[in-house]
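So you can see what is in the structure, the chains are spelled out below.
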Amino acid sequence: MENVRMLATLGLMGAMRSLSAAFETATGIHVDADFAPTLALLKRLRAGEAADLVILTREGLDEMIGEGRVIADSAADLARSYVGLAVRAGQPHPDISSEATLRKALLAARSVAYSRLGASGVYFAQLIVRMGIAAEINARATIVEQGFTAERLVSGEADLAVQQISELKQVDGIKVIGPVPHDLQIPAVFSAGRMTNAKQAEAADRLLRYLASPEVVPVLRQSGLEP
């Protein structure tokens with residue numbers, strides 16, 4: 001069986017698991033996928049890790065194109081992702097519909113879990129600075145190096161978890177309350193591209209065409225992404 005190696009940002013893990021299986025069934029090409037936050041993937045790619053296809057934030061992909069690691073003409077925007085908040089299942093849902101109620105909910109939480117390396121964590125760190133509550137939140141925040149922040153709800157370490165909605169949805173035993181208010185959002189765009197030195201260039205192109213096609217839209221939506 002032909003093998004295509006894909007490095008993808010954590011936000012697409014849920015969708016990619018089912019899409020990779022569907023692609024394999026249709027084409028006989030196995031997708032060897034590895035998932036990590038974009039910043040961690042950029043580090044690995046710069047250290048020379050081999051891949052055929054990468055899915056990163058648009059900014060991350062543009063950096064890779066700029067460095068000549070990804071073919072510019074192959075770049076395709078796949079999905080838009082919003083940052084949301086979650087609580088442990090069965091816990092009350094605080095109101096986060098406005099900046100004022102979001103501020104109140106964040107300050108009332110015993111601990112807020114957010115990621116250090118993911119796009120959502122970088123955004124959230126800037127958001128709490130902008131809201132003037134960074135010192136209070138960070139004094140008792142649960143910072144996750146990489147992985148799913150909502151796992152810290154299940155373990156009882158945090159009351160609120162912040163991450164891309166598609167990442168929150170990967171964890172059982174939690175409930176997504178909703179997105180950060182629209183006027184505070186900076187949605188992440190996840191984009192795919194073929195590596196310049198791809199060993200399986202043709203298979204990578206086929207996978208890329210499939211992932212950018214209309215037939216994958218329902219799966220993206222189900223996993224909390226906007227096509």
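Everything here concerns the structure above.
Residues numbered from 1 in each chain as written. Predicted model: local features only at pLDDT ≥ 70, side-chain atom pairs only at ≥ 80, totals over all residues. Heavy atoms only, no water.

Student: Honestly, the pairing of strand β10 (residues 188-194) in this entry has me stumped. Any pointers?
Tutor: Moving residue by residue along a regular strand, the side chains alternate between the two faces of the sheet. Burial analysis of β10 places six of its seven residues in the buried class, the great majority of the element. Pairing of strand β4 (residues 76-81) with β10 involves five bridges; the strand directions are antiparallel. For Ser81, the partnering residue across the bridge sits in β10 and is Ala188. (Buried < 20%, exposed > 50% of the residue type's maximum accessible area, 1.4 Å probe, protein only. Helix = DSSP H or I, 4+ residues; strand = E, 2+ residues; numbered from the N terminus. Pairing = 2+ DSSP bridges.)

Student: Help me understand the nonpolar core, please; the structure alone is not making it clear to me.
Tutor: Judged by nonpolar contacts, the single largest core of 40 residues is most densely connected at Met6, Met16, Leu19, Ile55, Leu207, Leu211 and Leu220. Of all the secondary structure elements, the ones that give two or more residues to this core are β1 (2-9), α1 (13-27), β2 (29-36), β3 (53-57), β4, β10 and α9 (201-211). Take this core: its biggest share by element is six residues, from α9. Discounting residues that sit within four places of it in the chain, Leu211 has contacts with Met6, Met16, Leu19, Leu53, Ile55, Leu78 and Val216. Grouped together as the second largest cluster of nonpolar side chains are 23 residues, Leu102, Ala105, Ile128 and Ile133 included. (Core = buried A, V, L, I, M, F, W, Y, C linked by side-chain atoms within 4.5 Å. Contact = heavy atoms within 4.5 Å.)

Student: Before we go on, may I ask you to explain the packing of aromatic side chains in this structure?
Tutor: Centre distance and the angle of the planes are the two values used to describe a pair of aromatic rings. Taken as a whole and assessed by the stated rule, the structure comprises two aromatic pairs. Summarising the aromatic geometry, the rings of Tyr114 and Phe124 are spaced 4.9 Å apart at their centres and angled 65° between planes, so their arrangement reads as edge-to-face. Residue Tyr114 is found in strand β6 (residues 112-115), and its partner Phe124 is found in helix α5 (residues 119-130); the two are separated by 10 residues along the sequence. Comparing Tyr114 with Phe124, the two get one shared label, buried. (Phe/Tyr/Trp six-rings, centres within 6.5 Å; stacked < 30°, edge-to-face > 60°.)

Student: When you look at the packing of α1 against α9 in this model, what are you seeing that I'm missing?
Tutor: Packed helix pairs are specified by the crossing angle of their axes together with the interaxial distance, meaning the distance between the axes. Put simply, α1 and α9 touch, their axes get as near as 11 Å, and they point 120° apart. In this view, α1 runs oblique relative to α9, as classed from their interaxial angle. In the crossing of α1 with α9, the sense of the turn from one axis to the other is right-handed. Of the residues in α9, those touching α1 at Met16, Leu19, Ala22, Phe23 and Thr27 are Ala203, Arg206, Leu207, Tyr210 and Leu211. (Axes fitted to C-alpha atoms, helices over the stretch in contact; angles between N-to-C directions. Parallel < 35°, antiparallel > 145°, perpendicular 65-115°, else oblique. Left-handed = near helix turned anticlockwise from the far one by under 90°.)

Student: Please clarify how the sheet that holds strand β7 (residues 142-144) should be interpreted in this entry.
Tutor: Either a parallel or an antiparallel arrangement is found when strands of a sheet pair, and the pairing is made through backbone hydrogen bonds. Taken together, five strands build an open sheet; the order of strands is β7-β6-β8-β5-β9 and the sheet is mixed. Across the chains shown, the open sheet's two edge strands, defined by having one partner strand only, are β7 and β9 (174-179). Shown here is a sheet whose adjacent strand axes are inclined to one another by a mean of 30°, direction ignored. Relative to β7, β6 is paired through three bridges, and the arrangement is parallel. Among the inter-strand pairings, Ser115 is bridged to a residue of β7, identified as Val144. Where α5 meets the sheet, its contacts fall on β5 (83-88), β6 and β8 (160-164), and the angle it forms with β6 comes to roughly 125°.

Student: What's the story with the side chain of Ser191 in this structure? I'm lost.
Tutor: Take Ser191: it is sitting in strand β10. Apart from residues no more than four positions distant in its own chain, Ser191 is found in contact with Val54, Ile55, Leu56, Arg58, Leu61, Ala76, Asp77 and Leu78.

Student: Looking at this structure, I do not really get the side chain of Thr38. What am I missing?
Tutor: Inspection of the secondary structure puts Thr38 in helix α2 (residues 38-46). The buried category is assigned to Thr38, whose relative accessible area is 6%. Setting aside residues up to four positions removed in sequence, Thr38 forms contacts with Thr9, Leu56, Thr57 and Gly60.

Student: I would appreciate a short explanation of the environment of Leu10 in the present structure.
Tutor: Within the element layout of this structure, Leu10 appears in the loop between β1 and α1. A residue is classified by how much of its surface remains accessible, and Leu10, at 8% relative accessible area, is buried. Between the C-alpha atom of Leu10 and that of Gln146, which follows or precedes it by 136 residues, the distance is 9.1 Å. Those residues in contact with Leu10 that lie beyond four places of it in its chain are Phe35, Ala36, Pro37, Gly147, Phe148 and Glu167.

Student: Would you take a moment to explain the packing of α2 against helix α3 (residues 58-66) for this structure?
Tutor: Remark: α2 packs on α3, axes separated minimally by 10 Å, with the N-to-C direction vectors making an angle of 15°. Considered as vectors, α2 and α3 are oriented roughly parallel to each other. When the axes of α2 and α3 are compared, the crossing they make is right-handed. Of the residues in α3, those in contact with Thr38, Leu42, Leu45 and Arg46 of α2 are Gly60, Glu63 and Met64. Of the residues contributing to the contact of α2 with α3, the split by class is three nonpolar, two polar and two charged. (Nonpolar A, V, L, I, M, F, W, Y, C, P; charged D, E, K, R; others polar.)

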